[in-house]
Structures are given as structure tokens and as C-alpha cells.
Amino acid sequence: MSRNLVIVESPAKAKTIEKFLGKDYRVKSSMGHVRDLPEKKFGIDIENNFAPLYEISQGKTKIINELKEDVEKADIVWLATDEDREGEAISWHLKEVLKLSDNKTRRIVFHEITKPSIIHAIENPRDLDINLVDAQQARRVLDRLVGFELSPVLWKKIRPALSAGRVQSVAVRLIVEREKEIQNFQTVSTYRVIAEFLVDNGSEKGISIQAELNTRFKTEEEAKDFLEKCKGASFTVGSVEKNPAKRSPSAPFTTSTLQQEASRKLGFSVSRTMSVAQQLYEAGYITYMRTDSVNLSDFALANAKEEIDKHYGAEYSKTRKYVTKTKGAQEAHEAIRPSYMNQHTINTGDNSQKRLYELIWKRTIASQMSDAKFEKTIITIDVSTRTEKFITEGEVLLFDGFLKVYRESRDDEENDEDRTAELPPIQQGMNLPVVQIQSIEKFSQQPYRYTEASLVRKLEELGIGRPSTYAPIISTIQKRQYALKGEKEGFERSYNVFTLKQDKITQSTKKEKVGYEKGKLYPTDVGMIVNDFLVVNFENILNYNFTAKVEKEFDNIADGKRKWEDMIRDFYIKFHKSVENTIETSEKAKLERLLGVDPSSEKNVYAKLARFGPIIQIGDADGKDKPLYAKLKPTQSIDTITMEEALELFKLPRVVGTHEGEELMVNDGRYGPYLRYREKFYSIPKTEDLMTITVERCLEIITQKNDADAQKAAVILGKYKDKDVSVAVGRYGPYVAYNKQFYSLPAGTDVKNLSLEDALNTIEAVEKKKTILTFEENPNIKVLKGKYGAYITDGKDNYKIPKDKNPTQLSCQECLDIIMQNKNDKPVKKKITRRKK
């Protein structure tokens with residue numbers, strides 16, 4: 001029996017660590033938190049110094065009982081949960097629940113799951129850091145106080161079933177304020193002047209370059225006047241300025257920058273990035289993924305240098321030590337990096353893991369590489385008839401440096417017009433023939449809505465939240481439907497272009513598609529109403545500086561500079577009075593807006609927030625006739641919807657026409673637009689206009705759906721041992737089904753051309769991989785690998801193997817004994833006879 005018991009949070013982490021430790025160590029998982037505040041009760045004793053009333057988490061009783069059995073058999077228990085505050089709190093809860101004595105308990109931490117790190121941690125254990133535990137307790141208690149006291153206020157003043165949170169509400173405020181900036185934004189047009197010049201490069205045609213005027217004109221008249229003055233003008237190179245330039249690599253990833261770059265480069269959501277990073281960490285591929293440090297250890301720096309010298313040459317290597325600049329940065333461990341720098345890619349794991357690992361490897365290696373070197377050229381072109389000047393910039397890459405490996409993505413807020421190109425040789429004083437000059441009308445750009453990644457960056461800039469809280473914040477506000485991630489279709493806009501060519505000015509009108517946004521965060525009507533109410537009545541809670549100050553208080557508790565109970569008390573006294581005052585004095589939030597009068601019915605039309613979301617209502621609730629209701633589209637808002645848009649919603653459902661005597665009806669439902677035909681429903685692409693869609697298009701959608709369903713339908717290939725063998729395409733791809741078991745086929749397999757033999761070969765290959773033991777004396781008995789561990793099968797039923805048995809060393813008789821024991825242990829179902837009344 002193992003003398004040492006190691007407890008971690010997840011089975012994947014346990015599996016990886018167990019590979020590095022000998023037979024004297026047994027590694028078990030607590031499956032996350034084992035104890036927390038009650039889910040539906042307040043759970044805090046305010047009168048008793050805010051003592052938390054913890055409960056065993058739902059579904060964890062069995063795990064705790066199993067761990068208690070393992071603890072009794074062990075000489076030493078090693079608590080190996082994550083090294084942040086939450087991990088420290090999990091270890092503390094385990095110690096309390098399992099009643100571990102100090103002399104039997106060791107706390108170990110590591111920022112990467114590699115054999116050297118695990119062995120080093122075992123050799124250098126420490127005590128539980130109660131200051132880190134208290135900081136985590138303070139966060140949980142404070143968030144519970146805010147949530148449980150604010151939510152009832154929202155129920156009374158807005159509507160039932162709403163909730164508020166300390167940090168989540170601040171995140172919603174950021175999204176709402178950005179939306180209001182967009183609503184209040186006034187577009188301004190200016191004229192950008194671009195000239196195309198011809199440069200003699202010795203060829204017959206020459207080479208053209210573009211240059212932009214160093215000023216923009218506010219009016220059409222100014223733009224046209226400039227072009228008039230350029231008729232017959234000469235254009236001379238006034239100056240040619242060449243300067244060396246360099247570009248340095250970005251620091252290694254922190255939690256925030258990883259989330260941002262994975263969003264831009266891979267299209268991952270914040271929660272998906274953290275989930276995949278957790279899997280990579282637990283598999284031993286990367287260091288701990290919740291960090292705001294950009295520091296790399298000396299070991300990592302040396303390995304990076306060795307790898308760069310080996311693959312790219314010494315001239316590409318430049319050792320750099322980065323300093324964390326994030327406001328309120330707290331973590332002392334490393335940046336996110338590969339555990340082994342010489343492992344450029346990983347061969348195991350799914351595609352998401354491979355892509356994210358490659359991104360982390362490239363960013364880490366690039367951070368230790370030389371600067372990219374350029375020669376930057378700025379050319380000024382004088383106009384003989386005006387004082388304004390045309391300017392063009394270009395650059396030549398002299399040495400690629402870190403760009404050989406990695407180039408950081410840019411946000412859509414950055415201007416693509418600023419990108420430079422390589423320029424031909426040009427001398428000062430050269431006369432440049434002009435091909436054409438254009439004055440193009442440009443419109444000011446409204447503020448961009450937040451993506452998940454840019455919201456994380458903003459929270460980090462303000463010092464709100466910590467690496468472990470960014471993903472939960474963003475998932476919570478979407479789960480509560482205070483903000484949603486969606487897309488905006490955009491609209492077509494006209495703009496003027498004035499062109500001077502061969503001393504003639506022509507005018508043309510062109511069109512551009514603008515305003516399209518995808519994957520951006522929009523506040524819902526509920527989110528905006530709740531935010532406005534909280535800002536008015538609880539401005540201190542939603543104040544950005546206050547929220548950042550609270551994070552600093554948590555840091556002080558973690559550093560042992562303050563008692564968590566004192567911090568909570570100072571906050572609660574003022575907060576509780578504010579809650580009581582709001583309940584007594586504040587008015588109910590306004591939940592409706594009168595749009596006007598419906599011309600056809602002469603009844604009032606309201607945009608309002610109902611119990612299940614924003615709606616349009618025609619008629620008053622206390623009128624003679626029952627009001628009519630229509631649900632707003634996801635992109636519409638109570639504050640901005642017009643009367644015309646509101647009345648348009650009542651044109652659905654719409655009967656498009658008939659086919660074979662049955663109606664084709666379209667409507668906009670909870671999950672988007674759909675078509676109904678013969679009591680069946682067919683999704684309609686969001687790009688379709690339900691008011692103009694035709695019968696032909698509806699039939700096309702029905703045919704496409706029926707064809708897709710036909711391809712997925714199961715096809716029986718034949719029988720094997722008197723049981724059907726079938727093949728189908730499921731949610732996760734093609735598969736073979738046999739004897740109530742499913743066997744995955746490679747992606748892209750053409751199931752139509754699959755033979756019975758092919759299917760049986762697949763089954764045989766999978767079963768061979770699963771099989772641990774078979775027995776000649778009884779072929780029906782097998783020991784197989786399962787999702788939750790090894791088990792015994794007799795061809796009919798499956799049987800659990802006792803913990804004290806090694807699946808690889810069982811005999812046939814032992815298997816039969818286990819089967820018999822399992823059957824004997826199954827409770828006999830008693831027939832229940834009901835007494836007649």
C-alpha cells in the first residue's frame with residue numbers, strides 16, 4: 001500500500017503527476033472544490049464576525065468518503081492543488097474536511113507539471129499559506145454579501161429573478177457605456193486627398209507611388225478648391241529622409257494577453273482559451289495558465305537561447321527579462337510558456353490544444369529573439385501652387401529577427417491605412433509627373449464595441465479582476481443575459497469622390513458597406529435597465545476606482561497586511577445602509593417607452609421590458625381589447641427602436657405561399673428565423689429577409705435540410721453474430737453502431753461506400769485497443785478499458801473492479817468471483833402492491 005497520498009483538483013492532472021512519482025505515491029483527485037458557501041442560502045453569519053457557513057459541495061460526499069479512506073492508509077498527505085489563492089483555498093478546505101493533522105500534511109506547489117518540478121516540490125514542501133486562503137475567503141464573502149443584498153432590490157424595483165454581482169456589474173457598465181457612446185455618436189465627414197505619382201525607374205512605364213496630403217479638408221468646397229489649384233501645378237520631391245527603425249517582440253503571455261491573442265488569431269472565446277490552456281497545463285505541456293507575470297525563469301531563458309541558436313543562429317538570439325506593468329499585478333510565478341522549449345508542437349490532444357500550444361511556443365521563443373530591423377523612408381512632395389505637402393512612407397526589412405517566428409495580431413481599432421510599403425529610389429529635387437489626384441470623402445468611425453478579449457484588456461487596465469476571474473466574469477454576464485455576443489449586419493453608405501486627371505475634375509458617387517460587426521458584446525435591454533438603476537443608486541459599487549481598490553485590499557490580505565474580517569466590516573456597514581435607503585426611497589425603474597400611436601388601430605404603441613424579455617405592445621393593458629405583443633429582435637433595443645421598426649415586427653408570422661396544398665409559413669423565433677411546413681420546422685439563415693423570401697427559396701431550404709438528414713440517417717450494413725451492424729453520421733462525426741456500442745470513424749469517412757467488412761475492422765481495432773485481458777478458458781470474459789477506469793464484461797453486462805485489485809493481473813477465476821459478487825450486491829427490486837381505496 002502507498003505510504004504517500006497526493007491530492008490534486010482534476011483527474012487529468014492526477015494522471016500526469018502519477019507518471020513522475022514511484023509506487024510509494026498514490027495520486028487522487030478531489031474533482032475541484034469540495035466545500036463552499038451554500039448555493040441557495042445566505043451562508044454568512046454577520047453577527048459572528050462574518051463567519052462563512054461552508055457546506056460540502058453537491059455530489060462531493062462520495063469523493064470525500066473515498067479520500068478519507070485513502071488518508072487513513074497513508075503516512076503523509078501531500079496537498080498539490082494550484083498555486084494561486086483559489087488553489088490554496090481548495091487545499092485548506094481539504095485539510096479541514098478530511099481532518100488532516102499538521103504533522104501528517106504537506107503543501108506543495110509547482111508552476112509546471114514536469115518531473116523536475118514535481119520532484120523539486122516534494123523535496124521542498126511548505127505549510128498552508130493562511131493569508132492566501134483569507135484573501136480568497138474575503139472575495140467569496142464580499143461577493144456573496146453584494147449579490148444577496150443587491151438582488152432583492154432589483155426584484156422589487158425592476159422585476160423578479162434578476163441578480164447583481166460586484167465585478168460582473170462593473171463589466172456590464174463598461175459594455176453599456178460603450179453602447180451609449182455609439183448611440184450618441186455623430187458621424188463627421190472629411191476629405192482625404194491621395195495622389196498617384198509616376199517615378200522613372202528606367203523602365204518604359206515607370207513605377208507609381210501613392211502619397212497622402214498632410215491635411216484633411218472639412219468641406220466639399222475646400223476639397224474641390226484644392227484640386228482646382230493643382231491644375232497645371234508641378235510636384236517636386238522636397239525631402240527624402242531615411243532613418244533606421246526597429247521593432248521589438250512582445251512579452252511572453254499572461255492570462256490576459258493569451259486570451260486576447262487567442263481571440264484574434266484563433267477565434268477562441270475567453271472561456272474556451274482557458275479551458276484548452278487548463279488541459280495543456282494538466283497534461284504537462286505548459287506552465288500555470290493563470291498569471292499576470294511576464295517573467296521567465298533562468299532555466300527557461302537558457303533553454304530558449306539554446307533552441308534559437310540551434311534552429312535560427314546566434315544572431316537571432318537576444319535574452320530579455322520583462323517587467324510586469326499591469327496595474328495591481330500580484331502573481332509571483334512565471335509567464336505562460338511551454339514546459340519544454342525544444343518541443344515546438346504536440347502530437348497528442350485535439351486540434352484546439354495543438355493550435356493554442358503552437359501559439360504559446362511561438363510567442364515565448366519570439367520574446368527571446370533579436371529586434372526586427374528596418375530602413376524607414378519618409379518622402380515629402382511639394383505642390384507649386386499650395387503650401388500643403390504630400391507625404392509617403394515606406395520601409396525595407398533589413399533583418400527579420402523575431403518576425404521569422406511570430407507576428408502579433410492587431411485589433412480592428414488600429415488603422416489599416418497606416419501600413420507602409422517599399423518605395424523605389426527617389427532623389428530630392430526630382431519632378432514627379434502626377435497620374436491623378438483624388439479627394440475621397442471619409443467618415444469618422446464610431447467607437448468599437450467590446451469583444452470578449454478587448455473587455456478583458458480593459459478590465460486589466462482598470463485593475464479590476466485577476467487572472468483567475470476574467471473568464472468567469474465574461475461567462476456570467478452572458479449567462480445572466482445582461483450582455484450577449486452577436487453580430488450586426490451593417491448598412492450601405494454613399495460617399496463622394498472627386499478625381500483630377502489630365503487637368504479635368506470629375507465627380508462620382510460610390511458605395512461602401514459599413515457597420516458590420518461579428519462576435520461583439522451588446523448590452524441587452526435588461527442589462528441597460530439594471531445598469532442604469534445600479535449606477536444611480538449604488539454608484540460606489542459600480543465605480544471603477546472602488547472595484548480596483550477592493551482588489552488591492554485582497555492583495556493586502558494575501559500579503560498579511562490586513563485582516564479579512566476588518567476589510568469586510570468596513571465595507572458592509574456603509575453598503576448595508578445604502579441598500580436599506582434604496583429600498584425605502586428610490587422609485588421603480590422605468591420599463592417602457594411610448595413610441596406613438598398605431599395608424600391602423602389608433603392605439604398606443606409601447607416598447608417595454610416584459611417578464612421574458614423586451615417586447616412591443618399595441619394597446620393598453622386596461623383597454624377594452626386585449627393588447628397585441630411582438631418580441632424584439634436580438635439586435636433591437638427598447639431605447640432605439642423606431643415606430644416603423646416596431647410595426648414591422650407584427651407582420652410575422654407570414655404565409656409565403658402554398659406547396660402541394662400546405663402553407664409555407666415563416667417566423668422569427670427564440671432561436672432565430674424559421675420556416676414551418678407540414679408541422680415540421682426548418683431553420684432559415686439569418687441573412688434572409690423574412691418579408692421578401694420566396695416560395696422557391698423556402699422549398700430550396702426544405703430540400704437542403706431533408707438531404708442533410710438523409711445523409712445522417714443510420715444504414716444497416718448487415719448482421720454479425722445475429723446483431724445489426726449500422727453506420728451513421730452523428731453530432732460528432734461518422735460512427736459504427738453495434739451491440740449498443742458506438743465506434744468512431746475518421747472524419748470525412750464516406751459512410752455510403754462503407755462495407756460490412758470495413759465496419760467490423762473498425763470494431764475490432766477499437767476493441768483491441770480497449771482490451772486489457774482475455775482468457776482462453778472463457779472467451780466471453782474480458783477486462784476492458786473504460787472512460788472511468790477498467791471493468792470486466794461477460795458479453796452481456798459490465799462489472800466494476802474493486803480498488804484493491806490490479807486490472808492487469810486478474811485471473812479468469814478472479815473475474816468470475818467479481819462478477820458473482822457484483823450480482824449478489826445488486827438490490828432485488830421488490831414488487832410494490834398498492835392498497836385499494
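Our subject in this report is the structure included herewith. Because the structure is predicted, anything quoted here is derived from the model rather than measured.

As for a positive patch on the surface
Argument step 1. Positive charge collects at one region of the surface, where Lys 723, Lys 740, Lys 796 and Lys 823 lie side by side.
Argument step 2. Mapped onto the elements, Lys 740 comes out in the loop between β29 (733–738) and β30 (741–744).
Argument step 3. Among the residues examined, Lys 740 registers a relative accessible area of 81% and is labelled exposed.

A look at the pairing of strand β16 (residues 491–501)
Argument step 1. Where strand β14 (residues 434–443) lies against β16, four bridges are found, and the strand directions are antiparallel. Note on β16: the bridge partner recorded for Ile 437 is Leu 500.
Argument step 2. The pairing of β16 with strand β17 (residues 504–514) spans 11 bridges and is classified as antiparallel. In the sheet register, Phe 498 faces β17, and the bridge partner there is Gln 507.

Re the packing of aromatic side chains
Argument step 1. Inspection of every chain in the model, using the stated rule, returns 20 aromatic pairs.
Argument step 2. With 6.0 Å between their ring centres and 45° between their planes, Tyr 191 and Phe 498 make a pair best called tilted. In this pair, Tyr 191 sits in strand β9 (residues 189–199) while Phe 498 sits in strand β16, placing the two residues 307 residues apart along the sequence.
Argument step 3. Residue class for Phe 498 comes out buried when judged on its relative accessible area of 1%.
Argument step 4. Taken together, a centroid distance of 5.5 Å and an interplanar angle of 40° make the contact between Phe 217 and Phe 226 tilted.
Argument step 5. One aromatic cluster is present, built from ring pairs that chain together Phe 197, Phe 217, Phe 226, Phe 235 and Phe 390.
Argument step 6. Directly above the aromatic system of Tyr 450 lies the positively charged group of Arg 178, at a separation of 4.3 Å from the ring centroid.

Comments concerning the sheet that holds strand β33 (residues 789–793)
Argument step 1. A sheet is described by the order of its strands in space; here four strands give the open sequence β31-β32-β33-β34, paired in antiparallel fashion. Either end of the sheet is taken by a strand with one partner, and the two such strands are β31 (771–774) and β34 (798–800). The mean angle between the axes of side-by-side strands here comes to 30°, regardless of whether they run parallel or antiparallel.
Argument step 2. Note: β33 against β34, three bridges, orientation antiparallel. Counterpart to Tyr 791 in the pairing with β34 is Lys 800.
Argument step 3. Where helix α20 (residues 812–825) meets the sheet, it contacts β32 (782–786), β33 and β34, and its direction lies at approximately 90° from that of β34.

Considering the sheet that holds strand β22 (residues 628–631)
Argument step 1. Across the sheet, four strands lie side by side as β19-β20-β21-β22; this open sheet has antiparallel pairing. The open sheet has two free edges, formed respectively by β19 (592–597) and β22, since each of these has just one partner strand. Along the sheet, successive strands turn relative to each other by an average axial angle of 25°, direction set aside.

Section: the nonpolar core
Argument step 1. Within the largest apolar cluster, 126 residues are counted, with the highest numbers of intra-cluster contacts made by Ile 286 and Leu 356.
Argument step 2. Here this core gets 10 residues from one element, more than from any other, and that element is helix α5 (residues 130–157).
Argument step 3. In this view, Leu 356 contacts Leu 258, Ala 262, Leu 266, Phe 268, Thr 273, Val 276, Ala 277 and Leu 280; residues no more than four positions away in its chain are not counted.
Argument step 4. Counting 26 residues, the second-largest nonpolar core is a separate cluster that includes Phe 235, Ile 379, Ile 426 and Leu 432.

Some points on the pattern of salt bridges
Where charged atoms of side chains with opposite charge meet at close range, the side chains can pair.
Argument step 1. Within the structure shown, the criterion is met by 60 salt bridges.
Argument step 2. With its nearest N and O atoms 2.7 Å apart, the salt bridge here joins Asp 70 to Lys 28. With Asp 70 in helix α2 (residues 61–73) and Lys 28 in strand β2 (residues 25–29), this pair connects stretches of sequence that are 42 residues apart. Each of the two residues, Asp 70 as well as Lys 28, counts as buried.
Argument step 3. Residue Glu 553 is joined to Arg 562 by a salt bridge in which the shortest nitrogen-to-oxygen separation is 2.9 Å.
Argument step 4. Residue classification places Arg 562 among the partly exposed residues on the basis of a relative accessible area of 25%.
Argument step 5. Here the salt bridges do not stand alone but share partners, grouping Glu 9, Lys 13, Asp 82 and Arg 290 into one network.

What counts, and where the lines are drawn
- Residues numbered from 1 in each chain as written.
- Predicted model: local features only at pLDDT ≥ 70, side-chain atom pairs only at ≥ 80, totals over all residues.
- Heavy atoms only, no water.
- Patch = residues over 30% accessible without salt bridge, like charges linked within 9 Å, V, L, I, M, F, W, Y side chains within 5 Å.
- Areas by Shrake-Rupley, 256 points an atom, 1.4 Å probe, with all protein chains shown as cover.
- Salt bridge = Lys/Arg side-chain N within 4 Å of Asp/Glu carboxyl O.
- Lys, Arg positive; Asp, Glu negative; His and termini not counted.
- Charge placed at Lys NZ, Arg CZ, Asp CG, Glu CD.
- Helix = DSSP H or I, 4+ residues; strand = E, 2+ residues; numbered from the N terminus.
- Buried < 20%, exposed > 50% of the residue type's maximum accessible area, 1.4 Å probe, protein only.
- Pairing = 2+ DSSP bridges.
- Phe/Tyr/Trp six-rings, centres within 6.5 Å; stacked < 30°, edge-to-face > 60°.
- Lys NZ or Arg CZ within 6 Å of the ring centre and 35° of its normal.
- Axes fitted to C-alpha atoms, helices over the stretch in contact; angles between N-to-C directions.
- Contact = heavy atoms within 4.5 Å.
- Core = buried A, V, L, I, M, F, W, Y, C linked by side-chain atoms within 4.5 Å.

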